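# Structural overview
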Amino acid sequence: MKLIQLDINNQVYEIPVNPRDLLVDVIRKKVGLTGTKKGCGQGDCGACTVLINGVPVLSCITLAISCLGKKISTIEGMADEQGNLHPIQQAFVDHGAVQCGFCTPGMILSAKALLDQNPLPSVLEIKRSISGNICRCTGYKKIVEAISAAAKEISTGEVK
Amino acid sequence: MYLHEFEYYAPMTAEEAFGLIGRLGSNAKVLAGGTDLLLMMKEKMLTPQYLIDINGVPEFQGISYEPAKGTVIGAATKIAEIEHSSLIKEKYFALHQAAGELGSVQVRSMATIGGNSCHASPAAETTTPLVALGAKVLLASDAGERELPLEDFILGNRKTALGEKELVSRFILPEPAPRSASCYGHIGLRNAMEIDAVNMAVNLVLEVSGRKIKELKLVMGSVAPKPLVSLEVPAILVGHELSDDLVEKAALAACGEAKPISDIRASAEYRREMVYVLARRLLYQAFNAAQEV
Ligand SMILES: Cc1cc2nc3c(=O)[nH]c(=O)nc-3n(C[C@H](O)[C@H](O)[C@H](O)COP(=O)(O)OP(=O)(O)OC[C@H]3O[C@@H](n4cnc5c(N)ncnc54)[C@H](O)[C@@H]3O)c2cc1C
Ligand code: FES
Ligand code: FES
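What you see is a predicted model; the values in this text were computed from it and never measured.

Conventions we followed
- Residues numbered from 1 in each chain as written.
- Chains lettered and ligands numbered in written order.
- Predicted model: local features only at pLDDT ≥ 70, side-chain atom pairs only at ≥ 80, totals over all residues.
- Heavy atoms only, no water.
- Near = heavy atom within 4 Å.
- Polar contact = N/O pair within 3.5 Å; in protein donor to acceptor, adjacent residues only side chain to side chain.
- Nonpolar A, V, L, I, M, F, W, Y, C, P; charged D, E, K, R; others polar.
- Helix = DSSP H or I, 4+ residues; strand = E, 2+ residues; numbered from the N terminus.
- Buried < 20%, exposed > 50% of the residue type's maximum accessible area, 1.4 Å probe, protein only.
- Domains from an automatic or database assignment.
- Buried area = accessible area lost by both parts, 1.4 Å probe.
- Salt bridge = Lys/Arg side-chain N within 4 Å of Asp/Glu carboxyl O.
- Contact = heavy atoms within 4.5 Å.
- Axes fitted to C-alpha atoms, helices over the stretch in contact; angles between N-to-C directions.
- Parallel < 35°, antiparallel > 145°, perpendicular 65-115°, else oblique.
- Left-handed = near helix turned anticlockwise from the far one by under 90°.
- Core = buried A, V, L, I, M, F, W, Y, C linked by side-chain atoms within 4.5 Å.
- Pairing = 2+ DSSP bridges.

### Considerations on the site of ligand 1
All names here are of chain B. Among the 33 residues in the neighbourhood of ligand 1, the closest are listed as Val 30, Thr 35, Asp 36, Leu 37 and Thr 112. Residue Ala 32 places a main-chain N or O atom 2.9 Å away from an oxygen atom belonging to ligand 1. Backbone polar atom of Leu 37 to an oxygen atom of ligand 1: 2.6 Å apart, as the coordinates give it. Looking at the shell around ligand 1 residue by residue, the class counts come to 17 nonpolar, 10 polar and 6 charged.

This is the structure in structure tokens:
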């Protein structure tokens, strides 16, 4: 065991880890942030997606120890301090893009990474950006609509 | 699916990395993106005692270009960086296309170009275009560097010429010839997140004036244990203008050369048929694109 510091949602946690500990398990079990989900555990489903330095990665195939000095963002960091949902989260609620919710944290983080880079993506670009996030419930249509709506909302908000 | 116990090293310089791999040798594995390695460790197909994480070594990162010499890509460069590089898109279009097809956004932001070649899966996405583009790999260790054409580095399914104390430090892509073009195609069961049933890359050079083909390389993936470089297609096409008859002949020849197997992704028969389809498609595409440069 080695004591390391992990920066998760701009808060630094001091956590004992083994080299073999996967980031998803450390976030869920040692830090206690259970918003990040573990589905397949082999890179296929995207439920475990978190952002590292703004880039979406799969925490089920990332060693926690390799994240020293990096900025990790999880779904818990999306709402503001007052607890207001991020526009992407709000759009998912408003458009019925959440059913069981298991894919939702990963889906929203993939969408955030897209919109941070490309504020007004085409439908095709949205579909490509979530091609590594599997949803068993919604059929994706409402998710794509929610991301489109959030993009418009965020862009017009910035103009104001 | 937990991992076994191992020790973890994260060298910050190439010298440090060579020193570690020299000392730990066959008990160690290089960790790049981990998108193949950690899966194999979860399945207990590999249980290395030491992991050497090379992501912190600046010498193994990035894409740089030297006029007349070509392009150097660090082995630990992410597939996403290659996908989004305007230099790669302009000069090595086939590699740009293949990079954009590997896995998902998340996988591309983790996986590296070096890992794709070192894992040496017969269905790998980037090895086919890299071989077509004439890529060489630099194998580096404490003892120095050696250079191998990628097609000689990959020996077969998950087999490479990598020595016990070596790692791949860089890829070198030659400057594309004037009036040349490359393109990539693949066939799978669905569009996204799919391991290819067949893939192919064509790199075609036209004579300085006119429409005759001066040089051509056609490489097939996922139809043999390693990227398969066609000998017959160049023999049929070099020195000629492309015609429907010649394309037909060349595509049939490529089919004959392919040595596919049947597995969960496709039957051998289907793969052979798809070699024909891709060869026709890509030969026309590359020929038309080369006339425009
Ligand atoms: C969900 C998912 C989808 C995928 N889809 C595709 C796909 O569509 N197409 C495709 O081709 N692949 C795909 N892959 C496989 C994988 O992502 C690629 O092969 C990737 O390029 C591997 O790179 P890496 O950096 O992650 O390698 P790692 O897993 O870090 O390493 C792979 C192997 O290479 C060795 N190695 C790595 N770098 C070096 C080096 N510089 N020197 C010496 N040895 C080295 C390691 O020791 C290990 O044995 C997918 C994987 C996942 C999880
Ligand atoms: S749990 Fe990580 S991709 Fe499925
Ligand atoms: S809402 Fe259930 S998996 Fe997407």
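From this point, the narrative continues.
### Digging into the environment of Leu 231 of chain B
All names here are of chain B. Position of Leu 231 among the secondary structure elements: in the loop between strand S14 (228-229) and helix H10 (232-237). Its relative accessible area of 68% is what places Leu 231 among the exposed residues. Between the C-alpha atoms of Leu 231 and Val 30, which are 201 residues apart in sequence, the distance is 34 Å.

### Overview of the domain arrangement of chain A
Residue and element names in this part refer to chain A. Parsing chain A into structural domains produces domain 1 (2-77) and domain 2 (87-155). Carbon and sulfur atoms make up 68% of the surface buried where domain 1 meets domain 2, a total of about 1100 Å² over both sides. Our count for the contact surface shared by domain 1 and domain 2 stands at 0 salt bridges. Summed over the shared surface of domain 1 and domain 2, the number is 3 residue pairs in polar contact (both at pLDDT 80 or more). A total of 3 residues in the side of domain 1 that touches domain 2 trace back to one element, the largest contributor, which is strand S3 (residues 49-52). For the side of domain 1 that touches domain 2, the per-class residue count stands at 6 nonpolar, 7 polar and 3 charged.

### Some words on the interface of chain B and chain A
In this assembly, 27 residues from chain B lie in contact with 29 residues from chain A. When the two sides are added together, the surface that chain B and chain A hide from each other amounts to roughly 2200 Å², 60% of it contributed by carbon and sulfur. Considering only the side of chain B, the residues that lose the most area to chain A are Tyr 8, Gln 106 and Met 110 of chain B, jointly responsible for 25% of the buried surface there. Between chain B and chain A we count 2 salt bridges in total. Here chain B and chain A share 10 residue pairs in polar contact (both at pLDDT 80 or more) between them. Counting residues per element, the ones that place at least two in the side of chain B that touches chain A are helix H2 (37-42), strand S3 (50-53) and helix H6 (105-110) of chain B. The element that contributes the greatest number of residues to the side of chain B that touches chain A is H6 of chain B, accounting for 6 residues. Here the residues of the side of chain B that touches chain A sort into 14 nonpolar, 7 polar and 6 charged.

### Thoughts on the packing of helix H2 (residues 87-94) of chain A against helix H3 (residues 104-117) of chain A
Residues and elements named next belong to chain A. Running from N to C, H2 and H3 point in directions that differ by 130°, and their axes come no closer than 10 Å. Between H2 and H3, the interaxial angle falls into the category oblique. For the pair H2 and H3, the sense of crossing is right-handed. Counting all contacts with H2, which are made through Ile 88, Gln 89 and Phe 92, the residues of H3 involved are Thr 104, Met 107, Ile 108, Ala 111, Lys 112 and Leu 115.

### Some details on the pattern of salt bridges
All names here are of chain B. Under the definition given, this model contains 17 salt bridges over all chains. Between Glu 83 and Arg 108 there is a salt bridge whose closest N-O contact spans 3.1 Å. Taken together, the residues Glu 83 in helix H3 (residues 79-84) and Arg 108 in helix H6 connect sequence positions 25 residues apart. According to the relative accessible area criterion, Arg 108 is buried, its value standing at 4%. Of the charged contacts in the structure, one is a salt bridge between Glu 151 and Lys 217, with a shortest N-O distance of 2.8 Å. Of the two residues, Glu 151 is situated in helix H9 (residues 150-153) and Lys 217 in strand S13 (residues 213-221); the sequence distance between them amounts to 66 residues. Judged by its relative accessible area of 23%, Glu 151 falls in the partly exposed class.

### A short note on the nonpolar core
Core analysis: the biggest nonpolar cluster contains 65 residues, and Leu 6, Leu 23, Leu 63 and Ile 72 of chain A together with Leu 95 and Phe 171 of chain B have the highest contact counts within it. Residue contributions to this core peak at 5 residues, all from helix H1 (residues 23-31) of chain A. For Leu 63 of chain A, the residues in contact, after removing those within four places along its chain, are Pro 19, Arg 20, Asp 21, Leu 22 and Leu 23 of chain A together with Leu 3, Phe 6, Tyr 8, Leu 31, Leu 38 and Leu 51 of chain B. Among the nonpolar cores identified, the runner-up in size contains 37 residues, and Ala 181, Ile 187, Ile 236 and Ala 251 of chain B belong to it.

### Focus on the packing of helix H11 (residues 244-257) of chain B against helix H12 (residues 268-292) of chain B
Residues and elements named next belong to chain B. As a packed pair, H11 and H12 sit with axes 8 Å apart at the nearest point and diverge in direction by 140°. Classified by chirality, the crossing of H12 by H11 is right-handed. Across the interface between the two elements, Asp 244, Val 247, Glu 248, Ala 250, Ala 251, Leu 252, Ala 254, Cys 255 and Gly 256 from H11 touch Arg 272, Val 275, Tyr 276, Ala 279, Arg 280, Leu 283 and Tyr 284 from H12. Split into classes, the residues belonging to the contact of H11 with H12 amount to 11 nonpolar, 1 polar and 4 charged.

### Structural notes on the sheet that holds strand S1 (residues 2-8) of chain A
All names here are of chain A. Read from one edge of the open sheet, 5 strands run S2-S1-S5-S3-S4, paired in mixed fashion. Looking at which strands have only one partner, the edges of the open sheet turn out to be strand S2 (11-17) and strand S4 (55-58). Along the sheet, successive strands turn relative to each other by an average axial angle of 40°, direction set aside. As defined by bridge partners, S1 adjoins strand S5 (residues 71-73) across 2 bridges and the pair is classed as parallel. Note that in S5 the partner of Asp 7 across the bridge is Lys 71. Packing against the sheet, H1 makes contact with S1, S2, S3 and S5, and its axis sits at approximately 100° to S2. Relative to S3, H3 is tilted by about 35°, and along the sheet it contacts S3, S4 and S5.

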